[in-house]
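The lines below spell out each chain.
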Amino acid sequence: MELSGAQILMKMLMEEGVDTIFGFPGGAVIDIYDEMARTDIKHILVRHEQGAVHAADGYARASGRVGVCLVTSGPGATNTVTGIASAYMDSIPIVVITGQVPSHLIGNDAFQEVDIVGITRPCVKHNYLVQNTNDLARIIKEAFYIARSGRPGPVLIDIPKDVVNTKVVFKEPGEIKLKSYNPTYSPNMKQLYKIIDLLKTARRPMIFAGGGVILSGAYKELADFARKAQIPVTTSLMGLGAFPATDPLWLGMIGMHGTYRSNMSTAACDLMIAIGVRFDDRVTGKTDIFASQAKIVHIDIDPTSIRKNIPVSTPVVGDCKITLEHLNKLMAEADLGNLKEKRSGWLHQIKGWKSAGSLNYNQKDIIKPQYVIEKLYELTRGEAVITTEVGQNQMWAAQYYHFDKPGHFITSGGLGVMGFGLPAAIGAQVACPDKIVVDIAGDGSIQMNIQEMATAVQYCLPVKIVILNNGYLGMVRQWQELFYDKRYSCTCMEHAPDFVKLAEAYGAKGLRASKPEEVEEVLSKGLSTDGPVIMDFRVEREECVYPMVPAGAPITEMLLV
Amino acid sequence: MTEEKHILSILVDNQPGVLSRISGLFSGRGFNIESLCVAETIDPNISRLTIVTKGNMPVVEQIKKQLNKLINVIKVHELTGSKYVHREMALIKVNAKQENRAEILRIVDIFRCKVVDVGLDHYTIEVTGDEGKMEAILTLLRPIGIKEIAKTGTIALFREPK
């Protein structure tokens, strides 16, 4: 059977179970778009290619499947770089398909030509320039396999226009076998026995869980492990939802804006079991005294994560879910003594830290951003899928919306991309049409990809946007206030659009709250409205995110108010 | 922690772009490359890279892990600490005036290297050996006058057990 490159691409995407593509057409991919119109694949036309990648990313995180995005060559391709880098830092499986100028023009500075494989090399898990239509089917199959296996990540496929147009005899690619790529899923059992021994002697253990727990679907296994072993749990930003925030063993988030008890526990613990984390500098602060009294066990599927930032006594390379399953089994067989009694002193000490009340605030006559998030949590009963932009809005969302389940907190953690939240919300809403999806935004961040409002309206995606509007680039302003003698250099957003009118201009609903007593009403009205809504909350302008650990300081040196 | 020299022998898929993936990994993560040699192996689908790098133990461990993580990297061997043979090669163009010619040939003879090009006022010498030998011959030739020099990096292989 003779098929064109475009037909092979569509056939292979359908075989991979792709039902939705986020993209933007152009000359180099016009034939792919022509072919796609003949399939059942749904295409979401975004307004900027950056939006397409973040939407594919949000789709992947909300659904647990590979997100797919399709763009043209040159500027189409370069516009995806930020989104690719964000997915890479957060280990999100996406496949980005870029068009390329015809093979014979490559290297000639042709119209809309760019070496996207070269540009993205440092921020993809892998990438391909397809040179022959005969390779296309295998490359697509490989790309999906690489994106979703091991430590997941973005894979880019660059396809020249002539490769798309050439017809070849189609051959089904066989089983993918890469001699150079064999992720380790099953842990070394000897190391697990060592962990059991450490559990026997530890007096003040804690678990530090991260995004890897969510990616490997180890939610239940982690909860079983923590409850059986009676060990308190903290998570990184990426790990929020990996352990129920309503569980008595939950410490809150760790790190720069982590809770007091979580950071104090880190300093005092004698055993830290780190699972699916990479010890980011926003978590550790000053590394040489991070958890300095503790033996550290580190479980991760990616060997490069282990001992990259923090010395580790027991390294375990393996999938979080499989490793925790084994550990739970070993723990059931081992005699760990009366754990409730053993841990009571430690858990009591932690309770004492809890009363330090590091997340308190006073709602007075100006709206406090924290209050908006708490009300949102109440009204959605914690069941919404929350996406965020980056900055204060992101941290308040992490601190005041409590996550009980994985897949409900979608944020650009590693790269910290302003403009991530709205397109990610669009992707998440496509993946979960029946869920409430809310983008928590700042007035600065939302303006970075505000054009995607048109996408939400065009496809009737009822995303809700909560803008915590303080007229500042709030997080940078906060740093300037605390560490630069209040020299607010270039952080005052003197001119912003009227977000209510802007929503209306896009054909969406716009609502505003300027007083605390209006907050609940605006939220309930916004949440119950069909279709996309922007809710503009005029919040206290100079509110700061607390607690805070200054960058590079030990994580116990916290500014509490 | 002390920085030490490490020789890594890396087998990779022989595909365009692989070398830049590897060199990009080093530059992007702030690792150091002292020398890098690459060529096809006996299997035309596989190339061997020999990289000489410097760093303390945690850094070298991280370099090896990061290299292994690249999809096109088949195997990373560290040669340092085991038995191996290693060589570099240099082409050295020296001033060869009448009065120096005999001395240069004596040096070539002592170092068991070869003259591969002769002119009225130059010799080009081919020399292979380890770093020490390179340094030694350069020390002797420098006073005579070196016009130009081209050097490869280190290539190396394990010694098989006898």
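Just so it is clear, the structure is predicted and the values come from calculations on it, not from any experiment.

Q: Give a description of the overall build of chain B that names residues and reports values.
A: Counting its secondary structure elements, chain B contains four helices and nine strands. Element order for chain B, N to C, with α for helix and β for strand: β-α-β-β-α-β-β-α-β-β-α-β-β. Along the longest, intermediate and shortest principal axes, the C-alpha atoms of chain B span 55 × 40 × 40 Å. Taken across its 162 residues, chain B has 41% of its residues classed as buried. At a minimum sequence separation of 6, the contacts of chain B that also span at least 24 residues come to 74%. With 23 positive and 20 negative side-chain charges, chain B shows a spacing of 2 Å between the two charge centroids.

Q: Give me the sheet that holds strand β4 (residues 67–71) of chain A: which residues, what numbers.
A: Residues and elements named next belong to chain A. Across the sheet, which stays open at both edges, the six strands sit in the order β3-β2-β4-β5-β7-β6 with parallel pairing between neighbours. Whereas interior strands pair on both sides, the edge strands pair on one side only; in this sheet they are β3 (42–45) and β6 (126–129). The sheet shows a mean angle of 20° between the axes of neighbouring strands, direction not considered. As paired strands, strand β5 (residues 94–100) and strand β7 (residues 154–160) are joined by seven bridges and run parallel to one another. Counterpart to Ile 97 in the pairing with β7 is Ile 157.

Q: Tell me what's going on with a nonpolar patch on the surface, and back it up with residues and numbers.
A: All names here are of chain A. Taken together, the side chains of Phe 483, Tyr 484 and Leu 559 make up a nonpolar region of the molecular surface, amounting to roughly 260 Å² of accessible area. On the secondary structure map, Tyr 484 appears in the loop between α21 (474–483) and α22 (499–505). Overall, Tyr 484 belongs to the partly exposed group, its relative accessible area being 44%.

Q: Quick one: what's the story with a positive patch on the surface, residue by residue and with numbers?
A: Among the surface-exposed residues, Lys83(B), Arg87(B), Arg159(B) and Lys162(B) lie close enough to one another that they form a single positively charged patch. If you trace the backbone, Arg159(B) turns up in the segment after β9 (155–158).

Q: Please provide a residue-by-residue account of the nonpolar core, values included.
A: Residues and elements named next belong to chain A. Of all hydrophobic cores here, the largest spans 70 residues; its most connected members are Leu 199, Ile 207, Leu 222, Ile 273, Ile 275, Ile 386 and Phe 537. Here Ile 275 is in contact with Ile 207, Phe 208, Ala 209, Gly 210, Val 213, Leu 222, Ile 299, Cys 320 and Leu 324, once residues within four sequence places are set aside. Membership of the second largest hydrophobic core comes to 51 residues, among which are Ala 56, Tyr 59, Ile 426 and Leu 461.

Q: So what's going on with the packing of aromatic side chains? Which residues, and what values?
A: This model, assessed by the stated rule, comprises 12 aromatic pairs over all chains. Residues Tyr377(A) and Tyr401(A) carry aromatic rings whose centres are separated by 5.2 Å and whose planes lie at 85° to one another, so their mutual orientation is edge-to-face. Here the residue Tyr377(A) occupies a position in helix α16 (residues 369–380), and Tyr401(A) occupies one in the loop between α17 (392–400) and β16 (409–410), the gap between them amounting to 24 residues. Ring centres of Phe403(A) and Phe409(A) lie 4.7 Å apart, and the angle between their planes is 45°; on these two criteria the pair is classed as tilted. With relative accessibility at 4%, the residue Phe403(A) sits in the buried group. An aromatic cluster is present here, built from Tyr377(A), Tyr401(A), Phe403(A) and Phe409(A) joined pairwise through their rings. Above the ring of Tyr472(A), the side-chain terminus of Arg541(A) is found at 4.3 Å from the ring centroid. Here Arg101(B) stacks its cationic end above the ring of Tyr123(B), 4.8 Å away from the centre of that ring.

Q: Give me the lowdown on the interface of chain A and chain B, citing residues and values where you can.
A: Contact with chain A, which involves 18 residues of that partner, is made by 17 residues of chain B. Together chain A and chain B conceal approximately 1,400 Å² of surface at their shared face, both sides included; 49% is due to carbon and sulfur atoms. Together, Arg121(A), Ser180(A) and Thr304(A) form the three largest contributors to the area buried by chain A at its contact with chain B, with a combined 38%. Taken together, the links from chain A to chain B amount to two salt bridges. Across the pair Asp302(A) and Lys69(B) runs a salt bridge whose closest N-O atoms are separated by 2.7 Å. At the junction of chain A with chain B, the criterion picks out eight residue pairs in polar contact (both at pLDDT 80 or more).

Q: Any details on the sheet that holds strand β18 (residues 464–469) of chain A? Residues and values, ideally.
A: All names here are of chain A. Strand order in the open sheet formed by six strands is β16-β15-β17-β18-β20-β19, with parallel pairing between adjacent strands. The open sheet has two edge strands with one neighbour each: β16 and β19 (509–513). Where strand β15 (residues 385–388) lies against β16, two bridges are found, and the strand directions are parallel. When the bridges of β16 are listed, Ile 386 appears paired with Phe 409. Sheet strands in contact with α17 are β15, β16, β17 (437–442) and β18, and its direction is about 135° off that of β17.

Q: Please provide a residue-by-residue account of the packing of α16(A) against α17(A), values included.
A: Residue and element names in this part refer to chain A. At a minimum axis distance of 9 Å, the contact between α16 and α17 shows a crossing angle of 45°. Considering their axes alone, α16 and α17 lie oblique with respect to each other. In the packing of α16 onto α17, the handedness of the crossing is right-handed. Facing Pro 369, Gln 370, Ile 373, Glu 374 and Tyr 377 of α16, the residues of α17 in contact are Trp 396, Ala 397 and Tyr 400. Grouping the amino acids of the contact of α16 with α17 by side-chain chemistry returns six nonpolar, one polar and one charged.

Q: Residues and numbers for the UniProt feature "domain: ACT" (unreviewed entry) in chain B, please.
A: As recorded in UniProt, the feature "domain: ACT" (unreviewed entry) lies at residues 7–81 of chain B. With 32% helix and 39% strand, residues 7–81 of chain B has its two end C-alpha atoms placed 9 Å apart.

Q: Before we move on, can you summarise the pattern of salt bridges with the specific residues and values?
A: All names here are of chain A. Here the structure, examined in full by the defined rule, presents 36 salt bridges over all chains. Across the pair Arg 38 and Glu 35 runs a salt bridge, and its minimum N-O distance is 4.0 Å. Residue Arg 282 pairs with Asp 281 through a salt bridge whose shortest N-O separation is 3.3 Å. A network of salt bridges, in which partner residues are shared, links Asp 498, Arg 512, Asp 536 and Arg 538.

Q: Mind laying out the environment of Leu511(A), listing which residues take part and the relevant values?
A: Tracing the backbone through its elements, the reader meets Leu511(A) in strand β19. Put simply, Leu511(A) and Met535(A) are 24 residues apart on the chain and 4.8 Å apart in space, counted from C-alpha to C-alpha.

Q: An account of the pairing of β4(A) is needed here, citing residue identities and associated values.
A: Residues and elements named next belong to chain A. Burial analysis of β4 places five of its five residues in the buried class, the great majority of the element. Residues Gly 67, Cys 69 and Val 71 point to one face of β4 and Val 68 and Leu 70 to the other, with burial holding for every one of them. One ladder, built from two bridges, connects strand β2 (residues 20–23) with β4; its direction is parallel. Bridge pairing in β4 places Phe 22 opposite Cys 69.

Q: I'd like a rundown of helix α15 (residues 339–354) of chain A, residues and numbers included.
A: Count 3.6 residues to each turn of an α-helix, and residues three or four apart come out pointing the same way. Residue and element names in this part refer to chain A. The end-to-end C-alpha separation of α15 is 21 Å, in line with the 22 Å expected for 16 residues at 1.5 Å each. The sharpest bend along α15 comes to roughly 40°, located at Gly 345. Three or more residues of α15 are buried, namely Leu 339, Arg 343, Trp 346, Ile 350 and Trp 353. Looking at the buried residues of α15, the elements they touch are α9 (189–201), β9 (205–209), α11 (219–229), β11 (250–253) and α12 (260–268). The N-cap of α15, judged by a side-chain oxygen 3.3 Å from the amide nitrogen of Lys 340 a few residues on, is Asn 338.

Conventions adopted
- Residues numbered from 1 in each chain as written.
- Chains lettered and ligands numbered in written order.
- Predicted model: local features only at pLDDT ≥ 70, side-chain atom pairs only at ≥ 80, totals over all residues.
- Heavy atoms only, no water.
- Helix = DSSP H or I, 4+ residues; strand = E, 2+ residues; numbered from the N terminus.
- Buried < 20%, exposed > 50% of the residue type's maximum accessible area, 1.4 Å probe, protein only.
- Contact = heavy atoms within 4.5 Å.
- Lys, Arg positive; Asp, Glu negative; His and termini not counted.
- Charge placed at Lys NZ, Arg CZ, Asp CG, Glu CD.
- Pairing = 2+ DSSP bridges.
- Axes fitted to C-alpha atoms, helices over the stretch in contact; angles between N-to-C directions.
- Patch = residues over 30% accessible without salt bridge, like charges linked within 9 Å, V, L, I, M, F, W, Y side chains within 5 Å.
- Areas by Shrake-Rupley, 256 points an atom, 1.4 Å probe, with all protein chains shown as cover.
- Salt bridge = Lys/Arg side-chain N within 4 Å of Asp/Glu carboxyl O.
- Core = buried A, V, L, I, M, F, W, Y, C linked by side-chain atoms within 4.5 Å.
- Phe/Tyr/Trp six-rings, centres within 6.5 Å; stacked < 30°, edge-to-face > 60°.
- Lys NZ or Arg CZ within 6 Å of the ring centre and 35° of its normal.
- Buried area = accessible area lost by both parts, 1.4 Å probe.
- Polar contact = N/O pair within 3.5 Å; in protein donor to acceptor, adjacent residues only side chain to side chain.
- Parallel < 35°, antiparallel > 145°, perpendicular 65-115°, else oblique.
- Left-handed = near helix turned anticlockwise from the far one by under 90°.
- Nonpolar A, V, L, I, M, F, W, Y, C, P; charged D, E, K, R; others polar.
- UniProt positions renumbered as here; feature names shortened; annotations may be inferred.
- Expected span 1.5 Å × (residues − 1).
- Bend = angle between axes of the 7 residues up to and from the residue.

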